[in-house]
Protein chains: 2
Amino acid sequence: MTYHAEIIAVGTELLLGNIANTDAQELSQALASVGVDVLYHTVVGDNPQRLEEAIAIARKRADLLIFTGGLGPTYDDLTKETVCRVLDVPLTFHPEAAADIRRNFDIIFHREMPPGTLHQAELPEGCEVFCNRVGTAPGCVFCAGDVTAVLLPGVPSECRYLTETALLPWLRRQSSGTILSHDLRIFGLSEPQVQELLGDLMDQAVNPSLAPYAKTGEVMLRLTAKGDSPAACEERMAPLLEQVRGRLGAYLYGIDVSGLEETVLHLLHQHGKTFSAAESCTGGLIAKRITDLPGASCVFRGGVVSYTNEVKASVLGVPQETLDRYGAVSEPVARAMAEGVRRITGSDLSVATTGLAGPDGDDRGNPVGTVFVALSTPERTAVRHMNCGSGRDRVRMLASHCAFDLLRRELEHLPIEGE
Amino acid sequence: MTYHAEIIAVGTELLLGNIANTDAQELSQALASVGVDVLYHTVVGDNPQRLEEAIAIARKRADLLIFTGGLGPTYDDLTKETVCRVLDVPLTFHPEAAADIRRNFDIIFHREMPPGTLHQAELPEGCEVFCNRVGTAPGCVFCAGDVTAVLLPGVPSECRYLTETALLPWLRRQSSGTILSHDLRIFGLSEPQVQELLGDLMDQAVNPSLAPYAKTGEVMLRLTAKGDSPAACEERMAPLLEQVRGRLGAYLYGIDVSGLEETVLHLLHQHGKTFSAAESCTGGLIAKRITDLPGASCVFRGGVVSYTNEVKASVLGVPQETLDRYGAVSEPVARAMAEGVRRITGSDLSVATTGLAGPDGDDRGNPVGTVFVALSTPERTAVRHMNCGSGRDRVRMLASHCAFDLLRRELEHLPIEGE
C-alpha cells in the first residue's frame, strides 16, 4: 500500500524559531526513499488542546501520522498522552521497553536513573516498540482505526537513529515492492554545473529517478528505483548509473559514503598508507572529520593545529624567513607546513591548510576566502590555491573538502588541478 | 492587538525534504521579537486543493496568516491565486508594483524581462505592497474579513529581506509589545538534576517562563518574558534570573553564549591568556570548536592531534616508558600530553584528552567511554577521569566539553572536581 503521511512536530521551541524543523526534512527524505507520499508538515506547540485539534485534522487528510518531540521525561512530555487520547488507544506498561530503557540509560549515562524515566515505558497498547539506543525515550508504531501512528523523539540524533533503524525497516515490510537508492557524491562541480552535465538525464529519469541535493561545497545526487526486489532495483539503476559515472568522471568521489573523508579512509586502508594534517585556517576540522570515523586510528597519525606563526615555526619547522617574506597565508608556507607535519609524524602523506576564514582579510591584501591547501608525498608537494568566498564556516569546510580531495586524487592517481 | 499567527509554507520541495523550512524558523524568530504568537507552522505542496483546505483550517485557528513560497512566475506559482480565491479578495494590477518589478529586474539580472514577470504585479485588491529589491516577486499584506494575510516569496534571502524591511515595520506599527529571552547554559548537571534543582521555579514561571532544552552533554534553559518594551521584559526576568543563578552556582557557565568555548574565549581575552590543546580521543574537536569562533587566533596558539603513541612521544615528548607502563589512555599520559603541548606551543594554559571514543575498548580493559582530561597551568596540572558512556560522537563531545570546563574553572578560580 502507499501511505499518505503527515509529519507533526510538537515543540514550542520550533514556533519560537529557536530551531529549524530538520526532523521533518530528514523524515521526508527517508519517507520518499521508501515511496511514502508526505502531504503535510505541521508544527504545534507544547499545548495539549492545540495538539488534539491538529491530530483531529491530520487523521482526516492522511493515513500515516508521524509525531516528533514531546516524548522525554520532562514536564512538557505530552505527545504520547494526547495522541493516545485522541486516537482512543490506551497506554500500557511495556516491560521489555522498560528493560531497554534501563539498559540504555546505564550504557549512556552511567548514573542512577531518575524515577520519572521508566514512565517512558508506558506506550500505546499493541504498539511495536522502537528501541532507542542513543537516548532513553523509545519510539513506536501502532494502528488506530484507519490511521497508523508513529511516535519519535524530537532530538534530531535520536529521531534520525530511530528513523533509520526502526521506522524505515518497518515501512519496507509494509510495502509490496522495494525502493532502493544510491547517493552519488560529487566534489569540484557546482550544482548548476552538475545540472548542465546531467540535466537531460534528470528530466527523463522517472524510475529510476535522479535528483540533486545541495551540500556545503559539494553536490549529492540521489538515484532511486522502485522494483520487486533489491536486485530488480539495481538492474533498473545500472544503465543510468553508468551514464552518470561516464559524464562525471573523477568528480564523482563516492557512492553511499558519508563524505570525502570516508572515501579517503577507505583508500588509505586499501593502500596501507597513513596521513597527517597541519591546519591553520581549518583549525582542526580535517583531524576532526577523519577521527569522526571509526578506524581512523589505522590511517591518521595525527596533526598539528598551528594557529600562530610561532607554532608553525617551532613545531612544524616552517622557516622564519619564509613566514616573514611570504606571510602565513602563502603557497610556500602551505608547502613547508605539509612537509613539516609529514616529517614529525612520520606519515606517508600529509595535507596542510593556511588561509583566511574571516571575518577579516590580512595585512598583505589577501581577501577573506584566500586559502592554500598543500599535499605532500615522498615524491613531491603540490599546492592548490583556492578562493572560497566568504562565510567562516563555509571557507573552513571548503578548505577541508579540498584537502581530502587532494588525498583522494593522489591515492587514485588522478590529476590534481593547478599542478 | 496581539496577533495569533500561522506560517504556511507552500512547496513540494519541502515535503520531499530537499530543503528545511528555514523561512518558518526565521519568520518565527522575527515575529516573536515583535510580540506575535506563532501557533502553527504548516507545509503544503504545490497543490491548489490541499492549499485551499489548509487556508480554510488556518483562518479558523489564527488571525495572521503568513504564506511563503509559490509567488514566482513559474508554473507552480499558485499561492496568490489560491489565497485570494479562498479569502474572497480579487487580484488587481498594481502599476507601482509593476514599475518596481521592472526596475529591480534590470538591476538584478541585466537582461530582458520575460513576459510572464509582470504577472507578479497582480496583487490582492487594497493590499500594502512589499517591494522586493533582492528578487522580482513582491510581497504584500492585506486584510480579508477577520484575518490578515501576508504573502512572501519562498527564496530564503528574499523572504528574510521582506520580513526585515517590510513585514516587521508593518507589524511594529500595529505594535503589541515585545518578547525577550535569555539562554542559560549549564554544564555538569543532567537535565533531571536541573529539574530537581529548579522544577518548582519552572512550574510556577508563566511570564517570565523558564523551559529546559537538552543538548549533548549539557543543559540549556530559556528564560522568556513578554512586556511592552525590552526594558520591561528585562525587569520581569531579573528576579527569577537571580534565583536561578543562586541555585545553579558554578554550573551556570554562560548566558546567551553559543557554548562553553565562547565563555572560555571571553575569559581568555579578559585575562590576556592563551591556551593550547593536545588531543587524542577528541581528535581535533577542541581546536575545531575554539577556531569556529572569530577572534580565536588571539587566545588559541594551536594544538597537536596525537592519534598515535609515536606522535605523543616524538611531538609532545610524552616519555616512552610512561606510555609503555600506563598505556595511552591513562592519567600520567594525559598529564604529560598537557604539559608537552603547553611547552611546545608556549601557551599559558593547555588541555589534553586521551580516551576511548569507541567502538572498541583497549587491551588494558578500559571500557569505551573512559577518558582522561588534563589541564596544565604554570602552577600545576590537574586531571579529570570521566566515564562518558558510549556513542563515539557523544564521548568526543563530552570530553571536549570537559576540557573547556576545566579552562573555565581555572580562569574563574572555581574548584575543579576530582582535585
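Residues numbered from 1 in each chain as written. Chains lettered and ligands numbered in written order. Predicted model: local features only at pLDDT ≥ 70, side-chain atom pairs only at ≥ 80, totals over all residues. Heavy atoms only, no water.

Chemist: Break down a positive patch on the surface for me, citing the residues and quoting the values.
Modeler: A grouping of A:Arg59, A:Lys60, B:Arg59 and B:Lys60 is seen on the molecular surface, where their side chains present a positively charged patch. When contributions to the positive patch are tallied by element, the ones reaching two or more residues are helix H3 (48–61) of chain A together with helix H3 (48–61) of chain B. Among the structural elements, A:Arg59 can be located in helix H3. Among the residues examined, A:Arg59 registers a relative accessible area of 31% and is labelled partly exposed. (Patch = residues over 30% accessible without salt bridge, like charges linked within 9 Å, V, L, I, M, F, W, Y side chains within 5 Å. Areas by Shrake-Rupley, 256 points an atom, 1.4 Å probe, with all protein chains shown as cover. Salt bridge = Lys/Arg side-chain N within 4 Å of Asp/Glu carboxyl O. Lys, Arg positive; Asp, Glu negative; His and termini not counted. Charge placed at Lys NZ, Arg CZ, Asp CG, Glu CD. Helix = DSSP H or I, 4+ residues; strand = E, 2+ residues; numbered from the N terminus. Buried < 20%, exposed > 50% of the residue type's maximum accessible area, 1.4 Å probe, protein only.)

Chemist: Explain the domain arrangement of chain A to me, and be specific about the residues and the numbers.
Modeler: By a widespread convention, an interface's size corresponds to the accessible area lost as its parts come together. Residue and element names in this part refer to chain A. The assigned domain composition of chain A is domain 1 (4–174), domain 2 (178–255) and domain 3 (260–412). Spacing between the C-alpha centres of domain 1 and domain 2 amounts to 32 Å. Across the boundary between the two partners, domain 1 contributes five residues, which contact five residues of domain 2. Roughly 380 Å² of surface becomes buried between domain 1 and domain 2 when both sides are summed, with 53% attributable to carbon and sulfur atoms. Where domain 1 meets domain 2, there are zero salt bridges. Remark: the boundary between domain 1 and domain 2 carries zero residue pairs in polar contact (both at pLDDT 80 or more). Residues belonging to the side of domain 1 that touches domain 2 are distributed by class as follows: one nonpolar, three polar and one charged. (Domains from an automatic or database assignment. Contact = heavy atoms within 4.5 Å. Buried area = accessible area lost by both parts, 1.4 Å probe. Polar contact = N/O pair within 3.5 Å; in protein donor to acceptor, adjacent residues only side chain to side chain. Nonpolar A, V, L, I, M, F, W, Y, C, P; charged D, E, K, R; others polar.)

Chemist: Could you give me a rundown of the environment of B:Ala121, with the residues and numbers involved?
Modeler: All names here are of chain B. Here Ala121 lies in the loop between helix H5 (95–109) and strand S5 (122–124). Exposure remark for Ala121: the relative accessible area of 0% places this residue in the buried category. Setting aside residues up to four positions removed in sequence, Ala121 forms contacts with Thr92, Phe93, His94, Ala97, Ala98 and Ile101.

Chemist: Lay out empty space enclosed by the protein in plain terms, naming residues and giving numbers.
Modeler: Per the stated rule, a full pass over the model turns up five cavities of 30 Å³ or more. Volume-wise, the largest cavity comes out at about 110 Å³. Along its surface, the largest cavity is lined by 16 residues, and A:Asn21, A:Val43, B:Asn21, B:Ala24 and B:His41 are the ones closest to its centre. If you list the elements that add at least two residues to the lining of the largest cavity, you get helix H2 (22–33) and strand S2 (37–44) of chain A together with helix H2 (22–33) and strand S2 (37–44) of chain B. Class assignment of the residues belonging to the lining of the largest cavity gives a composition of ten nonpolar, six polar and no charged. (1 Å grid on protein atoms, 1.4 Å probe; cavity = no way out; pocket = protein on both sides within 12 Å on 5 of 7 lines; lining within 4 Å. Points joined across faces, edges and corners; volume = space filled by probe spheres on them.)

Chemist: Go over the packing of H2(A) against helix H6 (residues 156–174) of chain A with me, naming the residues and quoting the values.
Modeler: All names here are of chain A. Two numbers describe how H2 lies on H6: the axes approach to 10 Å, and their chain directions differ by 20 degrees. If you check the angle between H2 and H6, you find them roughly parallel. Viewed along their axes, H2 and H6 form a crossing whose handedness is right-handed. On H6, the residues that touch Thr22, Asp23, Glu26, Leu27, Ala30, Leu31 and Ser33 of H2 are Pro156, Cys159, Arg160, Thr163, Leu167, Leu168 and Leu171. Partitioned by chemical class, the residues of the contact of H2 with H6 number eight nonpolar, three polar and three charged. (Axes fitted to C-alpha atoms, helices over the stretch in contact; angles between N-to-C directions. Parallel < 35°, antiparallel > 145°, perpendicular 65-115°, else oblique. Left-handed = near helix turned anticlockwise from the far one by under 90°.)

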